[in-house]
Amino acid sequence: MRIEYDIKLGFKDVMIRPKRSTLKSRSEVTLDREFKFLHSPITWSGIPIMAANMDTVGTFDMAKALSSKKLFTAIHKHYSLADWNVFASNLSEDESKYIAVSTGISKQDFEKLNDILKFNTNLKFICIDVANGYSEHFTDFVRQTRKLYPSKVIIAGNVVTGEMVEELLLSGADIVKVGIGPGSVCTTRIKTGVGYPQLSAIIECADAAHGLGGQIISDGGCSIPGDIAKAFGAGADFVMLGGMLAGHDESGGKKIEKNGKTYKQFYGMSSSTAMEKHIGGVADYRASEGKTVEVPYRGEVESTVQDILGGLRSTCTYVGAKRLKELTKRTTFIRVAEQENQTYSE
Ligand code: 5GP
């Protein structure tokens, strides 16, 4: 047994210090970024915020709404090939830039991925997603996928440490997804005791990825727009959101009416709800590692997106970053023992 005594930080442990700035208004800030990738020859531009590949968030409807704002969606892996064929054949060239096909690492997952990509050659991003990206089998799968798809952009995760980010990039990933346990409906830390505070995971993994010319996605743990700004400030190239995009018209999950109020169901992909829906129940050798919750219904996702982007532009003006790209260079985190004032709630 070993103990690392360095304290690791989450979003709640820091704030961003304001800096003298020449920007007059948040309208001067651009949130667009352009990326070239380590392996894929594709160049991508857009606002690097993405919907998580959960069946309550990463839906076709969400992708339609977000792509119109140049935001990205990792589509969940439970749509059928027939669903994909209809959806992808109706995508414009521009819309297809903002969409990833998700896959697990089983034989059936791989066959389905190959079929989806064979019939829909306009799709450019593959998201290989497992809860625990530390297995050798996972790295082998990334290698095999890269061999078959030299020009697609491959996202792989999840991990939380620099050495595994490097290993995945060297195995063929362009972008590594970072986050174990911070998610709003995740119970991994409760069930297993495993995890890594997200802000430190981003700082360490971004450093490793950027050293090799790769990118990272901060995945999970953002519950307010300020957290997204902190994730970018820490060095994330993309930020992935689950809970912040749940509860909308475009989100999946049942609508529930209760005591005169409307809610939508939201659940983790390893929750018993998801496992019952997709694989007929929780296998007896494993525990559910996700919650099922009801979140207040919030209408169209467009107003939430506006709120998020407005907040992020404002962060940039507070530190004098004219472009989102500059935010991390202009970020000084201060360690704090308080966050927002909670006297009143809206
Ligand atoms: P959020 O933005 O809601 O805080 O986090 C979303 C992320 O939580 C997802 O992108 C995914 O990485 C993670 N996640 C989703 N479902 C589950 C689950 O059932 N268990 C765990 N451990 N993580 C989950």
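Reading the values: rules and limits
Residues numbered from 1 in each chain as written. Predicted model: local features only at pLDDT ≥ 70, side-chain atom pairs only at ≥ 80, totals over all residues. Heavy atoms only, no water. Helix = DSSP H or I, 4+ residues; strand = E, 2+ residues; numbered from the N terminus. Buried < 20%, exposed > 50% of the residue type's maximum accessible area, 1.4 Å probe, protein only. Contact = heavy atoms within 4.5 Å. Areas by Shrake-Rupley, 256 points an atom, 1.4 Å probe, with all protein chains shown as cover. Lys, Arg positive; Asp, Glu negative; His and termini not counted. Charge placed at Lys NZ, Arg CZ, Asp CG, Glu CD. Patch = residues over 30% accessible without salt bridge, like charges linked within 9 Å, V, L, I, M, F, W, Y side chains within 5 Å. Salt bridge = Lys/Arg side-chain N within 4 Å of Asp/Glu carboxyl O. Polar contact = N/O pair within 3.5 Å; in protein donor to acceptor, adjacent residues only side chain to side chain. Core = buried A, V, L, I, M, F, W, Y, C linked by side-chain atoms within 4.5 Å. Disulfide = S-S within 2.5 Å. Near = heavy atom within 4 Å. Nonpolar A, V, L, I, M, F, W, Y, C, P; charged D, E, K, R; others polar. Expected span 1.5 Å × (residues − 1).

(A) Broad picture of the overall build of the chain. Helix and strand counts for the chain stand at 10 helices and 15 strands. In terms of its C-alpha atoms, the chain occupies a principal-axis envelope of roughly 55 × 55 × 55 Å. Across the 346 residues that make up the chain, the buried fraction comes to 53%. The contacts in the chain between residues at least 6 apart in sequence include a share of 67% that link residues at least 24 apart. Accessible area for the chain stands at about 16600 Å²; split by element, carbon and sulfur atoms hold 50% of it. Looking at the chain, you have 43 positive and 41 negative side-chain charges, and the mean spots of the two groups are 4 Å apart.

(B) Molecular detail of a nonpolar patch on the surface. Side chains of Met1, Ile3 and Tyr5 sit close together on the surface and give an oily, nonpolar patch of about 490 Å² of accessible area. With respect to the secondary-structure elements, isoleucine 3 resides in the segment before β1 (14-16). Judged by relative accessible area, isoleucine 3 falls into the partly exposed class, the value being 47%.

(C) Geometry of the side chain of glutamate 326. Following the sequence through the fold, glutamate 326 ends up in the loop between α10 (301-319) and β15 (333-335). Only 3.1 Å separates the side chain of glutamate 326 from the backbone nitrogen of lysine 322, close enough to count as a polar contact. For glutamate 326, the residues in contact, after removing those within four places along its chain, are Gly320 and Ala321.

(D) Broad picture of the nonpolar core. Of all hydrophobic cores here, the largest spans 101 residues; its most connected members are Ile49, Trp84, Leu123, Phe125, Ile228, Leu241 and Leu245. Discounting residues that sit within four places of it in the chain, isoleucine 228 has contacts with Ile49, Cys222, Val239, Leu241, Met244 and Ile308.

(E) Spatial organisation of the state of the cysteines. Applying the stated criterion across every chain, the model contains zero disulfides. Cysteine 205 takes part in no disulfide bond, and the closest cysteine sulfur, belonging to cysteine 222, lies 15 Å away. Here cysteine 205 falls in the buried class, since its relative accessible area comes to 0%.

(F) Geometry of the site of the ligand. Around the ligand sit 20 residues in total, of which Ser184, Thr188, Asp219, Ser270 and Glu289 are the nearest. A distance of 2.9 Å separates an oxygen atom of the ligand from a polar atom in the backbone of glycine 221. Between the ligand and the protein, one listed contact pairs an oxygen atom with a backbone N or O atom of glycine 242 at 2.8 Å. Burial of the ligand by the protein amounts to 90% of the accessible area it has alone, namely 530 Å². Looking at the shell around the ligand, its residues break down into six nonpolar, 12 polar and two charged.

(G) Region of the structure containing helix α7 (residues 198-212). Its 15 residues give α7 an end-to-end C-alpha distance of 21 Å, which sits within 8% of 21 Å, the value for a rise of 1.5 Å per residue. Where α7 is concerned, the buried positions are Gln198, Leu199, Ser200, Ala201, Ile202, Cys205, Ala206, Ala208 and Ala209. The secondary structure elements touched by the buried residues of α7 are β1, α5 (162-170), β9 (175-178), β10 (215-219), α8 (225-234) and β15. Two residues or fewer past α7, glycine 213 is found with a positive phi of approximately 90°.

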